[in-house]
Amino acid sequence: MRRRVLSILGAAFTAMAVVGLAATTASAHGERAQEGFVRMEAVSWWDVQFSQTSVKQGDTMTITGTAKILETWPSNMSGGSPSVCYFTVVEPGARFVLIDRQINGVETPQSNFCHKGGVYNFSMTLRARDSGQWHVHPAVAVEQSGTLIGPGQWVTTADAPGGFSYPLQLLDGGSIDLESYGTWLILGFSGLTLVLGMWWMLYWTVPKRTVTRLAVANYLPLNQDGGEAVGLITRKDHRHMAIITGVTIVILGGGFLFQALAFPGKLPLQTDWITPPDLPAVTQIAKAEATGATYDPGTHLLTIDAKVQNLSKEPVTLAAFRTAYLAFVNVAAGLAESGDYIHQMRLSTDGVVQPGQTATVKLMVPGQVLEQEEMLPVGKAQLQVAGVIELSDAAGNRNFSTVETALNPTRT
Amino acid sequence: MASSVIDVRAGELRALANREYRYIDRKWDLMFWVTAAFVVGAAANITMLLFAGDWDFWTDWKDRQWWMTITPFATIIIPSALQYIQWRAWRFPTGATYTAVCLFLCTWVGRLIQWKYFINMPINFVWSATWIPAGILMDFILMQTRSFILTSLVGAGAWTIGYWVANYIMLAPFLQPTVFMGHTLTVADVQGITYIRAQTPEYLRVIERGSLRTFLQETQYVSLAFGTTLAVVGYWIGQFIGRYLSVWPIGRFLKQV
Amino acid sequence: MTQQITQAVPERSEQPAPYDPPVVPGRGPTDWRGGWAWGIYAPLILLGVAVAFRIYQAFFTFPWGLDSSTPQFFWLWRMAVVVSLLGVGIFTVSWWGWLLQTARTIPQRISRREEVRRIAVFWGLVGATSVNLYIEASFWPNQDGAFHQTLVRDTAFTVSHIPMFYLFFPLGVTLAVGTYLYGRTRLPNVYGAGKGFPWSFFLLIAATVTEVAQVAMNEWGHSVNFGNAGAEEFFSVWFHWPFVLYGWLAGGIFALWGETILRLYQIEDDAEREETADAPAPQTVPAGGA
């Protein structure tokens, strides 16, 4: 009877989980709790690609893309001046291992220096470690601000025969498996110390009574144990404890000598922070600014008023509005972007600005998307909208103008 | 005359120590040691976790400067309290070792069940340190000196050195150099980079990042010395806990609440 | 070691004989299935609940515990907060209520055997409190440090916070106060109302209560973004330290063992005095030294 109840409960939970999984194509890792203004004003992501989303244990997968630390970086984060960044991956546990990271083409093993306005092309190569379905995001952690998450994807890792191993070459030429290296020493030596500790404890607690000793201890001055006469601690006890202590010291000394001989050439922990080179200057074809934004909760429409100035000799198209990890692409421009974080927006015009012209364009952004992401700051402490307007031309030049404007809801 | 008075006294105490009781059998001892192990391990673990936990969680935090400055202080507190309690109550020189064994069991249960089998961090990255050799040394010093002042001075030194030597032995393989992403790093640094921690960016490590003055590579020993002096302070915090929070309240009552 | 005490012959014939529980083999005052039974059952039940919750987490954390804005999170995890708090609340009211109600009906004059049994039960409750302190201050905090490496914290009700802060932390208060109620009503010689409020329990109960209060400061600290204190997952961050300081107050638990051991000595001395009361005065054996 009990088993039947448990199996029904288990089936019910599993059913809920399966239904829930099917209903949600994208999954977050906590970014929705970050304030909307944080996500919009701090970092913008674009061109994030996963080289593959179905792998076996041991296979590699590369995440590439661009993250920009916006000029609108909030003044109450990192004192308004981000300076140390760490490009990383948010995934639930050590399901993947990071084996390569390049920022603006340079190998970046650890943290890198960064600044407001900095544009960082990243490439992170991972190897699949645990089988399962994992939601993986690129992310950038900024010192004194926390981690800002980029667009993620579900990645499925299948079992591989032989499982996962991690060969690593040491500088002296030796080869190790990082997964298990040194484990024997850790478990063995730790276990040895447990034996010593239990030896010490059992010597006192097994043959000697405990609770009844309080009656005697109450009569003794604190710095006396009564000696052999009272018999609480005898010469035999002293001898035995000296033996255990001696064995402990010998093990410590012997162990220290062992590590000095077995592992010569040790280094202290390293700090190796990179200043990534600036990207080559991009041909400036146009620039955009936002002059106002309104939000109608009834129609869920966010309207951003933008001014686009064409600085080139060819027509320029307002291709997309990108904010945090979301992108709203201009339907009329016919861009072939797709993905969980790519949505469509309409413009008041076709979005094309002729050479030398300045045009006013209204961006009609679907507010439901922003509401679902909890990114619309209506009711929050800062009523602003920020992001990046992407402008492109037929030759493939792309400019990204950071924009920020006050948000006026029609009602709150 | 005086010696026979002491002899009589010692004899009475000896008889009291060997007294046969009707109701107090060995089960009381067993229940005390086993049930106390949980609260002792918990107190030692929470003190270690929230004062010095990050250095104990990861190999790539166990540096020459901060690890040995902070951890001995944080972890000597509860063993010191237990030394007082167990010496005062039973004249057992076991407080530090008992605490270290309980802490060992608590941390390893935690590392295996939570760090390894929940989020699958490899155990050679998130292994727990051992405090047991340090505890044995400190208990031996208490037994020999029967003095808490001497134990706080010599014992804190033994605690710090014993802790460092025991755990440096296990850390040594991970300080070997390797080339990763074209840079020379230690194996521990590589573990920190490659096993992704969503919320421990590398810059968060509070470790030695190089300084103007390294005293001709004596950084480690300076940290050990300073760690020892902080451990003396920690020892007396533990004595306060043992004396005033654990023993003083016995038989004392508040008349008005 | 345990001997039966014959019923005391009432010297004052107006008073009823002190209550002495019936002799059941194997269920005596200090037998494992007698006075010590709850000292085994209660810790096992607590550990069982912790393990059960850990198994629940194994099934429902990845991926449904990672994003607090999903409906799955609401049903699987926010509801777990409700179930935990309700469960602790119901248990608290039931147990404390039972202790106080039955206090009026249990025998007030008891034999030494019965008092020893009650002290053994008391030690069982202290042991349960000790095990709960381990679960709340070691078992779950270890998971907390690990789990927060798998996501960006987005709610106070994370998967690892729920059993820690909203189940075992309040349960610690229940157990500490309940143990006091047991001592006050069942061990009047040690914790009777007339003596006042024991400092030992004051400290132990204060530890559990302040730990619960500290949860609020912890969540406040994590939600505030000054410096890196709130947003970065540094386990040794300053607003975690009060958890440690309040935990030290639990040192009062040792005084509970001390106080009851001293009472056991008194019981032993009383029994010995009564037995030798009519016997000739023993010869003083000269102290022969070591």
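Residues numbered from 1 in each chain as written. Chains lettered and ligands numbered in written order. Predicted model: local features only at pLDDT ≥ 70, side-chain atom pairs only at ≥ 80, totals over all residues.

## Details of the pairing of strand β21 (residues 384-393) of chain A
Residues and elements named next belong to chain A.
Phase 1: Where burial is concerned, most of β21 is hidden: nine out of the ten residues are buried.
Phase 2: The sheet contact formed by β21 and strand β22 (residues 398-409) spans nine bridges and is antiparallel. Paired with E390 across the two strands is F400, which belongs to β22. (Buried ≥ 20, exposed ≤ 12 C-beta atoms within 10 Å, placed from the backbone. Helix = DSSP H or I, 4+ residues; strand = E, 2+ residues; numbered from the N terminus. Pairing = 2+ DSSP bridges.)

## Some words on the environment of T53(A)
All names here are of chain A.
Phase 1: One can find T53 in the loop between β1 (43-50) and β2 (54-56).
Phase 2: Looking at T53, the number of C-beta atoms within 10 Å reads 12, which means it is exposed.
Phase 3: Spatially, the C-alpha atom of T53 lies 9.7 Å from that of V136, the residues being 83 residues apart in sequence.
Phase 4: Ignoring anything within four residues of it in the chain, the contact list for T53 reads Q153, W154, V155 and T156. (Contact = placed C-beta atoms within 7 Å.)

## Remarks on the pairing of strand β3 (residues 60-69) of chain A
Residues and elements named next belong to chain A.
Phase 1: Summarising the sheet, β1 and β3 pair through six bridges and their orientation is antiparallel. In the sheet register, F50 faces β3, and the bridge partner there is I63.
Phase 2: Direction of pairing for β3 relative to strand β8 (residues 119-128): antiparallel, over a ladder of nine bridges. Following the sheet pairing, T62 is matched in β8 by T125.

## Some remarks on the domain arrangement of chain A
Bring the parts together and some accessible area is lost; that lost area is often taken as the interface size.
Residues and elements named next belong to chain A.
Phase 1: Structurally, chain A comprises domain 1 (26-163), domain 2 (183-262) and domain 3 (286-409).
Phase 2: The C-alpha-based centres of domain 1 and domain 3 are spaced at 24 Å.
Phase 3: With 18 residues of domain 1 at the interface, the matching set in domain 3 holds 22 residues.
Phase 4: The set of elements that each furnish at least two residues to the side of domain 1 that touches domain 3 consists of α2 (36-42) and β1.
Phase 5: Looking at which element gives the most residues to the side of domain 1 that touches domain 3, the answer is α2, with five residues. (Domains from an automatic or database assignment.)

## Quick word on the interface of chain B and chain A
Phase 1: Every contact between the two is made by 82 residues of chain B and, on the other side, 83 residues of chain A.
Phase 2: Element by element, the count of residues in the side of chain B that touches chain A is highest for helix α6 (residues 132-145) of chain B, at seven residues.
Phase 3: Its residues assigned to classes, the side of chain B that touches chain A comprises 50 nonpolar, 18 polar and 14 charged. (Nonpolar A, V, L, I, M, F, W, Y, C, P; charged D, E, K, R; others polar.)

## Details of the sheet that holds strand β6 (residues 106-107) of chain A
The strands making up a sheet are joined through hydrogen bonds of the backbone, oriented either antiparallel or parallel.
Residue and element names in this part refer to chain A.
Phase 1: As summarised here, the arrangement of the five strands in space is β1-β3-β8-β5-β6, forming an open sheet in which the pairing is antiparallel. At either margin of the open sheet sits one strand with a lone partner, and together these are β1 and β6.
Phase 2: With two bridges connecting them, strand β5 (residues 96-103) and β6 associate as antiparallel partners. Looking at β6, one finds that I103 is bridged to V106.

## Observations regarding the packing of helix α2 (residues 26-57) of chain B against helix α4 (residues 95-116) of chain B
Residues and elements named next belong to chain B.
Phase 1: Where α2 contacts α4, the axes come no closer than 8 Å and their chain directions differ by 75°. By the angle class used here, α2 and α4 are roughly perpendicular. Side by side, α2 and α4 meet where A37, V40, G41, A42, A44, N45 and M48 of the first sit next to Y98, T99, C102, L103, L105, C106 and T107 of the second.
Phase 2: Counted by class, the contact of α2 with α4 contains ten nonpolar, four polar and no charged residues. (Axes fitted to C-alpha atoms, helices over the stretch in contact; angles between N-to-C directions. Parallel < 35°, antiparallel > 145°, perpendicular 65-115°, else oblique.)

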